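Coordinate analysis (summary)
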Amino acid sequence: MDYITGRPNHIEDYLCQLYSNQWFGWTDSKNKVYANLRLTEKIGVDGNIVNNPRSLPTEQECTDGLKAMQDDWDSKNG
Amino acid sequence: MAQTFLNLAQGVTGTLSTSNYVQGGITEADQWRVTSNFSGQANPITSNWERNDQTFDKIGTGWSQSSGVFTAPSTGIYYIEFTTTVNHNADERYIEAILQGDNGSVTLASSYGSIAIDESSATYAHMTSKAIYDITNTSSNSIRCRISREHSGGVTDGHSDKNYTYVTMLKLGDT
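Let me sum up the structure you'll find in this document. All figures in this text were calculated on a predicted structure; none of them were measured in a lab.

Some details on the overall build of chain B
Each helix and strand counted, chain B has 0 helices and 14 strands in total. Counting from the amino terminus, helix and strand elements in chain B follow one another as β-β-β-β-β-β-β-β-β-β-β-β-β-β. In chain B, which comprises 175 residues, the share counted as buried stands at 49%. The contacts in chain B between residues at least 6 apart in sequence include a share of 69% that link residues at least 24 apart. Roughly 8000 Å² of accessible area belongs to chain B as shown, and the carbon and sulfur atoms make up 46% of that amount.

So, in structure tokens, the structure goes:
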């Protein structure tokens, strides 16, 4: 997300809205591209550390999801 | 073992082991941050922690971390500070940043923020929870960080180059 305008500009914005909690991460957090996207092993729920039940979306789903968020933002702020 | 060379005014010279005198300054300082954004609650924040690898390396042994459970390197009295930056593109009445001790069974400190959005876009809030914690047993007195908030769509900010959501630990003295 652009921190000045708030406009979504990265697949991480889409991933955050896909599911809540810390279900994803990056094999290289300084290079957040789809190829480096990974599932986290554990998430914290109600004080318990449990296995992550999620699965990764496809790259196309990420691209399309980000585009939809950008279109929505543009319609409200354009 | 490091040694200090003595050269006193009286002309006495020799070496003195650092174990034989009291050193000043901080003996343990560490800082960890969350590297990725996430939405909703995390109880505790389990993943995507990294030690600050940009502005300094730890002082001393450093804390160990596994699935968001932080264990002190030694017993002692510590100053611990959990800070988070959050955003949301909707109003949110409360967001709580909670610092927990005793492996999550006690709340050491808690702080609240809220968001009233501006211009239909993401708006930010910031909370810091601070505690002084007497760690008498490093295993049972482990700490965790937790985000509790009104809406699942609100985002907690993480970054690998900046401290948005992070925890800082400084050892003040012996237990």
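Examining the sheet that holds strand β10 (residues 106-115) of chain B
By definition, the strands of a sheet pair up through backbone hydrogen bonds, in either a parallel or an antiparallel sense. Residues and elements named next belong to chain B. Strands sit in the order β10-β9-β12 across an open sheet of 3 strands; the sheet is antiparallel. In this open sheet, the two edge strands, each paired with only one partner strand, are β10 and β12 (144-149). Averaged over all pairs of adjacent strands, the angle between their axes in this sheet comes to 20°, without regard to strand direction. Relative to β10, strand β9 (residues 92-101) runs antiparallel, the two being bridged by 8 bridges. The residue of β10 that forms the bridge with Ile 95 is Gly 113.

Here's the deal with the interface of chain B and chain A
A common measure of how large an interface is: the accessible area buried when the components associate. On the side of chain A, 31 residues touch chain B, which itself brings 35 residues to the contact. In total, chain B and chain A occlude about 2300 Å² of area from one another, counting both sides; carbon and sulfur atoms represent 42% of this. Applying the counting criterion to the chain B and chain A interface returns 2 salt bridges. Between chain B and chain A we count 23 residue pairs in polar contact (both at pLDDT 80 or more) in total. Of all the elements in the fold, those that place two or more residues in the side of chain B that touches chain A are β3 (29-34) and β4 (38-39) of chain B. A breakdown of the residues in the side of chain B that touches chain A according to their chemical character gives 10 nonpolar, 18 polar and 7 charged.

Details of the layout of surface pockets
Size it by volume and the largest pocket reaches roughly 320 Å³. Among the secondary structure elements, those contributing two or more residues to the lining of the largest pocket are α1 (11-18) and α2 (59-77) of chain A together with β8 (76-88) of chain B. For the lining of the largest pocket, the element with the highest residue contribution is α2 of chain A, accounting for 5 residues. Looking at the lining of the largest pocket residue by residue, the class counts come to 6 nonpolar, 10 polar and 3 charged. Estimates place the volume of the second largest pocket at around 200 Å³. Forming the boundary of the second largest pocket are 14 residues, of which Tyr 3, His 10, Glu 12 and Lys 32 of chain A together with His 159 of chain B lie nearest the centre. For the lining of the second largest pocket, the residue count by class is 2 nonpolar, 7 polar and 5 charged.

Re the pairing of β8 of chain B
Residue and element names in this part refer to chain B. Within β8, 11 of the 13 residues are buried, which leaves it mostly tucked inside the rest of the structure. The pairing of β8 with strand β11 (residues 123-135) spans 13 bridges and is antiparallel. When the sheet's bridge partners are listed, Ile 80 is paired in β11 with Ala 131. As defined by bridge partners, β8 adjoins strand β14 (residues 166-173) across 7 bridges and the pair is classed as antiparallel. From the neighbouring strand, Tyr 78 faces β14, where its bridge partner is Lys 171. Sheet topology note: the β8/strand β13 (residues 155-156) ladder contains 2 bridges and is antiparallel.

Comments concerning the nonpolar core
Counting residues in hydrophobic clusters, the biggest one holds 28 residues, and the most contacted among them are Ile 45, Trp 63, Ile 80, Ile 143 and Val 167 of chain B. Of all the secondary-structure elements, those providing two or more residues to this core are β3, β8, β9, β10, β11, β12 and β14 of chain B. The element contributing the most residues to this core is β11 of chain B, with 5 residues. Listed in part, the 11 residues of the second largest apolar core include Ile 11, Tyr 14, Cys 16 and Leu 37 of chain A.

Conventions and cut-offs
Residues numbered from 1 in each chain as written. Chains lettered and ligands numbered in written order. Predicted model: local features only at pLDDT ≥ 70, side-chain atom pairs only at ≥ 80, totals over all residues. Heavy atoms only, no water. Helix = DSSP H or I, 4+ residues; strand = E, 2+ residues; numbered from the N terminus. Buried < 20%, exposed > 50% of the residue type's maximum accessible area, 1.4 Å probe, protein only. Contact = heavy atoms within 4.5 Å. Areas by Shrake-Rupley, 256 points an atom, 1.4 Å probe, with all protein chains shown as cover. Pairing = 2+ DSSP bridges. Axes fitted to C-alpha atoms, helices over the stretch in contact; angles between N-to-C directions. Buried area = accessible area lost by both parts, 1.4 Å probe. Salt bridge = Lys/Arg side-chain N within 4 Å of Asp/Glu carboxyl O. Polar contact = N/O pair within 3.5 Å; in protein donor to acceptor, adjacent residues only side chain to side chain. Nonpolar A, V, L, I, M, F, W, Y, C, P; charged D, E, K, R; others polar. 1 Å grid on protein atoms, 1.4 Å probe; cavity = no way out; pocket = protein on both sides within 12 Å on 5 of 7 lines; lining within 4 Å. Points joined across faces, edges and corners; volume = space filled by probe spheres on them. Core = buried A, V, L, I, M, F, W, Y, C linked by side-chain atoms within 4.5 Å.

Bear in mind that shape data such as this cannot, by itself, settle questions of function.
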